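Overview (structure and organization)
Next come the chains, spelled out residue by residue.
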Amino acid sequence: MYTQAMDSQPKDEREPKAVRSLQEVELERRFDAKIDAGEFIEAKDWMPEHYRKTLLRQISQHAHSEIVGMLPEGNWITRAPTLKRKAILLAKVQDEGGHGLYLYAAAETLGTSRDEMIDALHAGKAKYSSIFNYPTLTWADIGTIGWLVDGAAIMNQVPICRCSYAPYARAMIRICREESFHQRQGFDSLLTMMREGTPEQRAMVQDAVNRWWWPSIMMFGPPDDQSPNSAQGMRWGIKRVSNDTLRQRFVDATVEQAKVLGVTLPDPDLKWNAERGAHDFGTIDWAEFKRVIAGDGPCNRERLAARRKAWNEGAWVREAALAHARKLATRQEAA
Ligand SMILES: [Fe+2]
Ligand SMILES: [Fe+2]
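Residues numbered from 1 in each chain as written. Chains lettered and ligands numbered in written order. Predicted model: local features only at pLDDT ≥ 70, side-chain atom pairs only at ≥ 80, totals over all residues. Heavy atoms only, no water.

Attention shifts here to the coordination of the iron ion (ligand 2). Only Glu96 (OE), Asp150 (OD), Glu179 (OE) and His182 (ND1) from the protein coordinate the iron ion (ligand 2), and they sit 2.0 to 2.2 Å from it. Here the donor residues of the iron ion (ligand 2) share one chain and are spaced in sequence as E-x53-D-x28-E-x2-H. The metal-metal distance between the iron ion (ligand 2) and the iron ion (ligand 1) comes to 3.3 Å, with Glu96 coordinating both. Linking Glu96 in helix 4 (residues 83–108) with Glu179 in helix 7 (residues 166–196), this pair joins segments that are 83 residues apart in sequence. Given the relative accessible area of 5%, Glu96 is considered buried. (Donors = N, O, S within 2.8 Å, 3.2 Å for Na, K, Ca; no water. Helix = DSSP H or I, 4+ residues; strand = E, 2+ residues; numbered from the N terminus. Buried < 20%, exposed > 50% of the residue type's maximum accessible area, 1.4 Å probe, protein only.)

Dropping the structure here:
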């Protein structure tokens, strides 16, 4: 999912250094040839500094999104309507924690420790997906997140399984398998409410869809013509499919699913365009997207505060684990 902030990298990192040694030029030539041949880059391989930094930023933002994404759903675990839904939601939220773990591990192979990445998140310096700064007001929001947010995540993440950086690609293969379960459980939960629920429950689903639709299609990031770093990401095989293409695929797939559910997508301009063989849709409020990314969404402060609190309250667990590891190492040395 979460590749949108690639487009907001610091200015000093946008251009590679002008002066390079002959050796560096040769190494870069070999690197480019590898990329052109569709080969993967491993952690031990030489890579241009700009490639390393771009990947590190993208993977760490992705990792942060997974663990911040646990928060809006986590607060519904105790309020799930049945034991079955509670077990499913617990498993899903736990999966997201696992996704964070794979991704932090992949990012660490690029030379930054997990502690540094977590510090940057807690200091408000690192970005995560704008979608997790919206509130989950009712139980229908949980099904809608699975259907739309995890659905958009799959659309975004499947092409990253072929990313040129092998540790990231390997992590994404495992993640995508679990994301498809997330999307299906959300759809199933909404379908149950729409088919077997009361008129109030059906209205609750429609209300949740009304609130999540636009933030979900913003998840694909800015339009292609306003996404200046996309071309470099494509050149390097980090990004395989453009933001607008992915967004269009998502809209086309979701319209059909909405029909099965019996909900309306809140866009009066959404209609089939036979000439294009795709759906036209209304204008996205990019000012809102920028505001939320910049830290002023409905829940940005609440999410960061919850993360910091969990980190501080978990300090004793980390200390105990380290003390235990030290004790084991001392014992092994003595043996
Ligand atoms: Fe995930
Ligand atoms: Fe997910």
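Enumeration according to the criterion identifies 20 salt bridges in this entry. Residues Asp207 and Arg211 are paired through a salt bridge, measuring 3.1 Å at the closest nitrogen-oxygen approach. Note that Asp207 and Arg211 are positioned in helix 8 (residues 199–218) at a spacing of four residues, about one turn of the helix. For Arg211, a relative accessible area of 26% puts it in the partly exposed group. Where Lys309 meets Glu313, a salt bridge forms, and the shortest distance between an N and an O atom there is 3.5 Å. One end of the pair, Lys309, and the other, Glu313, are both in helix 12 (residues 300–313), four residues apart, so they sit about a helical turn from each other. Residues participating in the shared-partner salt-bridge network are Glu73, Lys92, Glu96 and Asp150. (Salt bridge = Lys/Arg side-chain N within 4 Å of Asp/Glu carboxyl O.)

What follows deals with the nonpolar core. If you look at the biggest cluster of nonpolar residues, it comprises 78 residues, and the most contacted ones within it are Tyr51, Leu55, Ile59, Trp147, Tyr165 and Tyr168. Here this core takes 11 residues from helix 7, the largest share from any one element. (Core = buried A, V, L, I, M, F, W, Y, C linked by side-chain atoms within 4.5 Å.)

For the rest of this paragraph, the subject is a negative patch on the surface. Taken together, Glu108, Asp115, Glu116 and Asp119 make up a surface patch of like negative charges. Looking at the negative patch, the element that brings in the most residues is helix 5 (residues 114–122), giving three residues. (Patch = residues over 30% accessible without salt bridge, like charges linked within 9 Å, V, L, I, M, F, W, Y side chains within 5 Å. Areas by Shrake-Rupley, 256 points an atom, 1.4 Å probe, with all protein chains shown as cover. Lys, Arg positive; Asp, Glu negative; His and termini not counted. Charge placed at Lys NZ, Arg CZ, Asp CG, Glu CD.)

The subject of this paragraph is the packing of helix 7 against helix 10 (residues 243–261). Two elements in contact, helix 7 and helix 10, have axes separated by 9 Å at closest approach and are oriented at 35 degrees. The residues of helix 10 that touch helix 7, namely those facing Gln183, Phe187, Leu190, Leu191, Met194 and Arg195, are Gln257, Val260 and Leu261. Looking at the contact of helix 7 with helix 10 residue by residue, the classes come out as six nonpolar, two polar and one charged. (Axes fitted to C-alpha atoms, helices over the stretch in contact; angles between N-to-C directions. Contact = heavy atoms within 4.5 Å. Nonpolar A, V, L, I, M, F, W, Y, C, P; charged D, E, K, R; others polar.)

This part takes up the coordination of the iron ion (ligand 1). Distances from the iron ion (ligand 1) to its protein donors, Glu66 (OE), Glu96 (OE), His99 (ND1) and Glu179 (OE), fall within 2.0 to 2.2 Å. Around the iron ion (ligand 1) sit four donor atoms; with metal-centred angles ranging over 84 to 148 degrees, the donor geometry is irregular. For the iron ion (ligand 1), all donor residues lie on one chain, and their spacing in sequence is E-x29-E-x2-H-x79-E. Here His99 falls in the buried class, since its relative accessible area comes to 0%. Judged by its relative accessible area of 0%, Glu179 is buried. (Tetrahedral: all angles 85-135°; square planar, octahedral: opposite > 155°, others 65-115°.)

Here helix 12 contains 14 residues, and its C-alpha end-to-end distance of 20 Å stays within 8% of the 20 Å for a straight helix at 1.5 Å per residue. Taken residue by residue, helix 12 has Asn300, Arg303, Leu304 and Arg307 as its buried positions. What you see down the axis of helix 12 is that its buried residues fit within an arc of 95 degrees, all on one side. Opposite its buried face, helix 12 presents the exposed residues Arg301, Lys309 and Asn312, each directed more than 90 degrees away. The elements touched by buried residues of helix 12 are helix 2 (49–68), helix 3 (70–74), helix 5 and helix 11 (286–296). (Expected span 1.5 Å × (residues − 1). Arc of directions from axis to C-beta.)

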